[in-house]
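Now for the letters of each chain:
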Amino acid sequence: MAKFRVRVSTGEAFGAGTWDKISVSIVGTRGETPPLPLDRLGKEFNAGAEEDFEVTPPEDVGRVLLVRVHKAPPARSRPLAPSAGDAWFCRWLQLTPHGAAPLCFPCYQWLEGERSLVLREGTAKISWEDHHPTLQQQRREELQARRETYRWKTYIPGWPRCLDEETVKNLNLNIKYSVAKNTTFYLRGGSALAELKLKGLLDRKGLWKSLKEMRRVFNFRKTPAVEYVCEHWQEDAFFAYQFLNGLNPVLIRRCHHLPKNFPVTDAMVAPVLGPGTSLQAELEKGSLFLVDYDLLAGVRTNVINGRPQFSTAPMTLLYQRPGRGPLLPLAIQLSQTPGPNSPIFLPSDDKWDWLLAKTWVRNAEFSIHEALTHLLQAHLVPEVFALATLRQLPHCHPLFKLLIPHTRYTLHINTLARERLIAPGQVVDRSTGLGIGGFSELIQKNMKQLNYSALCLPDDIRARGVEDIPDYYYRDDGMQIWGAVERFVSEMIGIYYPSDESVRDDSELQAWVREIFSEGFLGRESSGLPSTLGTREALIQYVTMVIFNCSAKHSAVSAGQFDFAAWMPNLPPSMQLPPPTSKGQARLEGFLATLPPVNATCDVVIALWLLSKEPGDRRPLGTYPDEYFTEEAPRRSIAAFQSRLAEISRDIQERNHSLALPYPYLDPPLIENSVSI
């Protein structure tokens with residue numbers, strides 16, 4: 001019978017090689033071969049190796065449809081071999097029939113223990129393109145197996161549902177951190193922990209003695225951005241700047257009508273607005289902006305070191321000066337209920353009154369950012385995308401190939417967060433002003449409001465009326481990246497979906513969209529999230545939204561956490577005294593007494609240090625070393641996408657050279673492909 005040449009590529013990661021025996025069965029239109037050993041003299045399947053073998057099927061199986069890869073312990077144990085169940089990472093397998101062109105079978109999966117894996121030739125196929133019963137059956141069986149491996153659970157009622165695993169130790173190797181990434185993650189955390197413990201800060205439950213003493217927290221990992229924040233945090237212009245380019249640049253919106261519960265008057269704001277204008281005139285011009293933390297009203301608070309903590313639901317009115325003048329705060333009210341016990345604080349007030357009011361706003365910013373912008377929208381929602389992709393799209397589906405790089409390690413970091421960050425007694429529960437109870441209430445509230453347009457950057461920018469506010473780098477860089485992703489996705493969809501009807505007829509795609517709607521958005525029709533997709537245009541927007549939120553959006557709201565929070569007064573995680581009910585009472589001593597205690601400060605800063613930087617094993621946006629696509633057309637689109645991202649990066653870096661505080665969080669080489677930290 002004719003021989004086949006088999007070329008096998010083993011991954012380069014630590015532990016990717018195996019001592020186990022590998023064999024293949026070739027499945028064709030006329031039948032299937034028995035397992036054909038891939039064996040030769042010496043050790044095979046070392047990490048990073050590409051090896052050639054020859055196999056001879058006992059009979060002609062016809063046109064090749066599938067390859068089954070079998071992994072089993074060696075018949076005889078080798079003296080230096082580890083246990084027989086060691087894992088193997090197969091990158092790809094190439095099968096060359098005699099006198100024919102090679103067939104490439106992408107894999108990029110771990111095989112653990114004694115098991116078999118079915119691989120398909122690399123051409124991406126939608127279900128309606130598979131006409132052979134064997135291929136149709138393979139799709140069904142693959143998805144059934146995946147649904148048994150990756151199951152949904154309700155972690156907290158009212159939250160998006162998530163992966164049903166209690167600990168990262170139990171995770172399938174295919175969704176688990178690499179050894180290198182895991183090791184670096186814990187080493188970095190351990191070094192910060194040890195340093196603050198040696199300084200005697202981590203276990204100190206009392207107040208900070210002075211503002212100067214707080215610098216000791218971040219001396220272990222200074223960055224230019226941290227130094228800038230420490231120097232400028234009291235300035236009104238920097239306070240306002242952070243609504244545009246800080247950790248949470250998604251709340252500010254143009255204000256055309258003052259809320260009835262925020263009774264700001266002309267006399268209050270005249271010192272900032274200047275002569276010849278009024279509140280009404282500026283509202284009509286569109287130069288006023290509002291940041292409202294109304295979701296915090298009534299949310300439960302935490303107890304830290306035996307002391308109850310406090311929270312507010314403030315509103316901040318901001319003014320954009322004519323030309324390119326800085327955005328400035330005009331007024332702050334620390335509750336949603338105006339009255340004699342809820343004064344409106346102004347820049348003309350006493351220094352400590354005004355600074356304390358701004359600091360209460362920054363505490364609200366911490367709570368809303370960490371619970372909603374970061375945890376809910378940049379972790380829990382991307383986990384829904386990742387889990388639905390694994391459960392509803394087979395390996396050969398073009399959308400699986402397109403999206404799987406954007407789900408890398410998301411299930412690991414979120415499982416770790418449920419285990420070590422947001423579980424009872426962990427960092428959020430022991431050291432933040434809301435605790436996990438308050439975080440949970442916020443998420444449940446926000447889930448009733450979260451809508452599709454908030455996840456689509458162009459729609460979000462329009463809805464908030466911030467298309468033309470100057471120096472809004474989150475918007476500028478984000479829109480460039482959204483555009484590049486959208487163009488890339490449009491090309492890829494154009495390759496595989498010839499018409500709107502082809503979108504509607506893709507049952508796997510429709511099941512994927514339906515599961516995201518039902519499991520992630522809990523079937524809430526008011527979210528505006530589609531439960532079906534009927535056109536190529538709708539599919540392009542939807543896939544662009546998924547990729548953007550799993551990469552750029554996460555980077556924008558996560559990578560700067562240490563930069564903006566290491567100087568704790570700029571973003572306090574908790575407040576120990578009630579908000580002021582009158583003016584003229586604030587002093588430095590009371591300001592220090594309001595801020596979180598030393599141990600809670602250190603606890604949170606260490607967590608944010610860990611969560612701000614990828615611990616190695618990175619894959620920047622547009623980097624696809626796992627070559628799931630084997631056809632020329634998608635490869636050309638990937639190359640064009642990478643070229644466009646490089647142009648965007650050059651533009652961002654050129655702009656950043658002229659900024660006192662650069663905005664690097666949406667520079668493509670610094671954006672990870674997926675939510676992985």
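Everything numeric in this text was worked out from a predicted model, so none of it was measured. (Residues numbered from 1 in each chain as written. Predicted model: local features only at pLDDT ≥ 70, side-chain atom pairs only at ≥ 80, totals over all residues. Heavy atoms only, no water.)

A few points about the side chain of K153
At step 1: Mapped onto the elements of the fold, K153 is located in strand β10 (residues 152–153).
At step 2: One polar contact links the side chain of K153 to the main-chain carbonyl oxygen of E165, over a distance of 3.4 Å.
At step 3: With residues near it in sequence (within four places) discarded, K153 still touches R161, C162, L163, D164, E165 and E166. (Helix = DSSP H or I, 4+ residues; strand = E, 2+ residues; numbered from the N terminus. Polar contact = N/O pair within 3.5 Å; in protein donor to acceptor, adjacent residues only side chain to side chain. Contact = heavy atoms within 4.5 Å.)

Thoughts on the domain arrangement of the protein chain
Note on interface size: it is often stated as the accessible area lost on association of the parts.
At step 1: With domains assigned, the protein chain is organised as domain 1 (4–68 + 88–121) and domain 2 (162–250 + 368–577 + 599–676).
At step 2: Every contact between the two is made by 11 residues of domain 1 and, on the other side, 12 residues of domain 2.
At step 3: Taken together, the two surfaces of domain 1 and domain 2 that pack against each other cover about 1100 Å², and 57% of this comes from carbon and sulfur.
At step 4: Sorting the residues of domain 1 by area buried against domain 2 places P106, Y108 and W110 first, and these three jointly supply 47% of that buried surface.
At step 5: Joining domain 1 to domain 2, the criterion identifies zero salt bridges.
At step 6: One can count four residue pairs in polar contact (both at pLDDT 80 or more) joining domain 1 with domain 2.
At step 7: Looking at the side of domain 1 that touches domain 2 residue by residue, the class counts come to six nonpolar, one polar and four charged. (Domains from an automatic or database assignment. Buried area = accessible area lost by both parts, 1.4 Å probe. Salt bridge = Lys/Arg side-chain N within 4 Å of Asp/Glu carboxyl O. Nonpolar A, V, L, I, M, F, W, Y, C, P; charged D, E, K, R; others polar.)

Describing the packing of aromatic side chains
At step 1: Under the counting rule described, the total for this entry stands at 26 aromatic pairs.
At step 2: Look at F562 and W609: their rings are 5.1 Å apart centre to centre, the planes differ by 65°, and that puts the pair in the edge-to-face class. A residue pair is termed long-range when its members are at least 10 positions apart, and F562 in helix α20 (residues 561–565) and W609 in helix α22 (residues 598–612) qualify at 47 residues. Here F562 and W609 have matching classes, each one buried.
At step 3: For the pair F564 and Y665, a centre-to-centre distance of 6.2 Å together with 50° between the ring planes defines the contact as tilted. In this pair, F564 is assigned in helix α20 and Y665 in the segment after α23 (632–656), connecting sequence segments 101 residues apart. (Phe/Tyr/Trp six-rings, centres within 6.5 Å; stacked < 30°, edge-to-face > 60°. Buried < 20%, exposed > 50% of the residue type's maximum accessible area, 1.4 Å probe, protein only.)

Section: the state of the cysteines
At step 1: Overall, the coordinates contain zero disulfides when judged by the stated rule.
At step 2: Lacking any disulfide linkage, C396 is separated from the closest cysteine sulfur, that of C107, by 14 Å.
At step 3: Its relative accessible area of 3% is what places C396 among the buried residues.
At step 4: This cysteine, C602, is not joined by any disulfide, and C230 carries the nearest cysteine sulfur, 15 Å off.
At step 5: According to the relative accessible area criterion, C602 is buried, its value standing at 0%. (Disulfide = S-S within 2.5 Å.)

As for the nonpolar core
At step 1: Formed by 175 residues in total, the largest nonpolar core has its most connected members in W512, Y542 and M545.
At step 2: Formed jointly, this core draws a minimum of three residues from each of two domains, domain 1 (4–68 + 88–121) and domain 2 (162–250 + 368–577 + 599–676).
At step 3: Formed by 24 residues, the second largest nonpolar core is a distinct cluster that contains V24, V61, C90 and C107. (Core = buried A, V, L, I, M, F, W, Y, C linked by side-chain atoms within 4.5 Å.)

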